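An overview of the molecular structure
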Amino acid sequence: MSFLSTSDLSALTRTCRVCRDIGLLPLCGRSGKAIKSGKALLSFFDFLRIDSETSSRASLIKDLWIHNPYDPCHNPSMEYNDAQNAVVLNILRNCGNIRRLRIDCRFGTSLPSPLLLQTISTSLLSLADLTILTATDLDEEALSLLTGLSLQRFLLMTPTLPLVKGALLAIQPLASTLVELEIQKIPPGSACFPNVRKLSVWMEVRRADFVDALATTFPEVTHLTIGTNVISHSFFHSPGSARIEDGAVREANQGRWRKHPQAFKALQAVCARQVQELYCLGLSRPVAFASLPLQDQHTSFMLPLVLANLVPRHVELRVFLDHCFVTPAGLDLVHDAYTSLRRLTLHIDYHGMSSSARCMKNLRGLLRSFARGLPDLPLTHLHLRCVYKGAEDVLEEMATMIWKDAPARVKSLSRASRSLCWVGVELQGWGLRCWEIRRPSESSEAEIPDSKPAPSTAGPGDQKPTLVETDEWTGRRVLETEGMMAYTGIPING
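To keep things clear, this report deals only with the structure shown in the data block. These numbers were taken from a predicted model, which means no experiment stands behind them. (Residues numbered from 1 in each chain as written. Predicted model: local features only at pLDDT ≥ 70, side-chain atom pairs only at ≥ 80, totals over all residues. Heavy atoms only, no water.)

1. Some thoughts on the nonpolar core
- Counting residues in each nonpolar core, the largest one holds 129 residues, and the members touching the most others are Ile-120, Leu-143, Phe-154, Leu-281, Tyr-350 and Phe-370.
- Here this core gets nine residues from one element, more than from any other, and that element is helix α13 (residues 392–416).
- If we ignore the near neighbours within four places in the chain, the residues touching Ile-120 are Leu-92, Leu-101, Ile-103, Leu-127, Leu-130, Leu-146 and Leu-149.
- Core analysis: the next-biggest nonpolar cluster, separate from the first, contains six residues, Trp-422, Leu-432, Val-478 and Met-484 among them. (Core = buried A, V, L, I, M, F, W, Y, C linked by side-chain atoms within 4.5 Å. Buried < 20%, exposed > 50% of the residue type's maximum accessible area, 1.4 Å probe, protein only. Helix = DSSP H or I, 4+ residues; strand = E, 2+ residues; numbered from the N terminus. Contact = heavy atoms within 4.5 Å.)

Below, the structure written as structure tokens:
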């Protein structure tokens, strides 16, 4: 029944008793999809039949997501009303088998955070995965109510202030069970969380002991996401002074990491919301994957230095197409200190592009800039992943143009590179097109097995590679085999 939409599956369960018995469990399994409005909340409550002694479905719910779009202006009209807040509490008190709960909405004064967390802690004793949004009344005392649970994953989402500075101290009793954590700050005196493997934390640039706190509190991290609580401090300085200040912080932190040689030895993946955060952190550990944004020319020198310290085998470079005004040759990936890049994902976000013509102009300009650096990059696999969030009609028009233009762009990239052997172009909702790149030397070697290729003095444009388009399933298999699907995106909470 997985091919049915939720509404169709729900309709099927109402046709007869057999279909109800067969479809009820799969339908309840979809409760993890976001409940995005008060109307949807009331509909879900009716579906649960909580007041029925014989046909209640509350015990079947294992996954629940209550979502209201976050309003940075805190518009009271976006909050649930008193009656809807009472429904939320009623659902939580009766769905005692929930294992995963995500609540990212504003409830208003009729449902204070302490009451919400007390209800969660006393009613959801099987809860292992909790994501909540910070609210103005959320404090350390309220968070401490959760310590009676055996949470394995806890994400404290922070789209903006308020800041719960002592959150980590409040949940210290969970140190023995947590394996994934998103938190704002690491207060002085925090206990060690030895089992945390996935961590998202804010970078405190001006805090002298930040590296010490990070290394001693979370020594066994394998996946690290570094964020920040304000616009990068470099924004408030001239480019020259920012470079000097950031460099001083980086040098000091590199010295502090040397005092913790065993910390982060198992690190596999590093993601940063801004390049400056990872540059200032000064972390030097070999990793399999790094995800970083392409930023302005004032911070462009940071990217290759960060990559040289991490030597990732796979890099995800995040590009906002609407902000691509000046793009350097090779997108700042070419550097003498970093020559091990083999797999690259260009995560191209064209949200905000209202014109198809402008979208294509920016995309082609981006790829031309990238191609200028390709002769000096040892890339073998390139994945162009395009995403868009917005009106469907705009997406349709832009996607059609990008899809149609893809073979020409891939051909140009293949001719610019000496080593590229596979390119995939993925469009959100449209699938994956991919090409194998075969060069004349490969054909010669195939015909004469014992021959050794002579050193080539030809430029990349003289190799005249041949493109062979393959099906999507084959392309997905290549991405998986090359480890390019193991890590995607930056926020832990997705």
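2. Description of the pairing of strand β4 (residues 153–157)
- Burial analysis of β4 places five of its five residues in the buried class, which makes it a mostly covered element.
- Side chains of β4 alternate between two faces, with Arg-153, Leu-155 and Met-157 and Phe-154 and Leu-156 buried alike.
- Across five bridges, strand β3 (residues 129–133) lies against β4 in parallel orientation. Each bridged residue has a counterpart across the sheet, and for Ile-132 the counterpart in β4 is Leu-156.
- Alignment of β4 against strand β5 (residues 180–182), held across three bridges, turns out to be parallel. Each bridged residue has a counterpart across the sheet, and for Arg-153 the counterpart in β5 is Glu-180. (Pairing = 2+ DSSP bridges.)

3. Concerning the pairing of strand β6 (residues 198–202)
- Taken across its five residues, β6 has four buried, putting it largely inside the fold.
- Two strands pair when backbone bridges link them, and β5 and β6 are joined in this way by three bridges, in the parallel orientation. Bridging across to β6, Glu-180 finds its partner in Lys-198.
- Strand direction decides the pairing type here: β6 and strand β7 (residues 223–227), joined by five bridges, are parallel. Bridging from a neighbouring strand, Leu-199 pairs with Leu-224 of β7.
- Handedness of the β6-helix α8 (residues 210–217)-β7 crossover: right-handed. (Right-handed = clockwise from strand over helix to strand, strands pointing away.)

4. Digging into the packing of aromatic side chains
- On inspection of all chains with the given rule, the structure shows five aromatic pairs.
- Ring geometry for Trp-257 against Phe-264: centres 5.3 Å apart, planes inclined by 55°, an arrangement best described as tilted.
- Looking at Phe-264, the relative accessible area reads 1%, which means it is buried.
- Ring centres of Tyr-279 and Phe-301 lie 5.6 Å apart, and the angle between their planes is 80°; on these two criteria the pair is classed as edge-to-face. With Tyr-279 in helix α10 (residues 275–281) and Phe-301 in the loop between β9 (289–293) and α11 (302–310), this residue pair connects regions lying 22 residues apart in the sequence. Assigned by exposure class, Tyr-279 and Phe-301 land together as buried.
- Over the ring of Trp-403 we find Arg-433; its NZ or CZ atom is 5.8 Å from the centre of that ring. (Phe/Tyr/Trp six-rings, centres within 6.5 Å; stacked < 30°, edge-to-face > 60°. Lys NZ or Arg CZ within 6 Å of the ring centre and 35° of its normal.)

5. Side note on the environment of Phe-154
- Positionally, Phe-154 belongs in strand β4.
- Given the relative accessible area of 0%, Phe-154 is considered buried.
- Sequence spacing of Phe-154 and Leu-174 is 20 residues, and the spatial spacing of their C-alpha atoms is 9.6 Å.
- Phe-154 has contacts with Leu-130, Ile-132, Leu-143, Leu-146, Ile-171, Leu-178, Glu-180, Leu-181 and Glu-182, leaving out every residue within four places of it along the chain.

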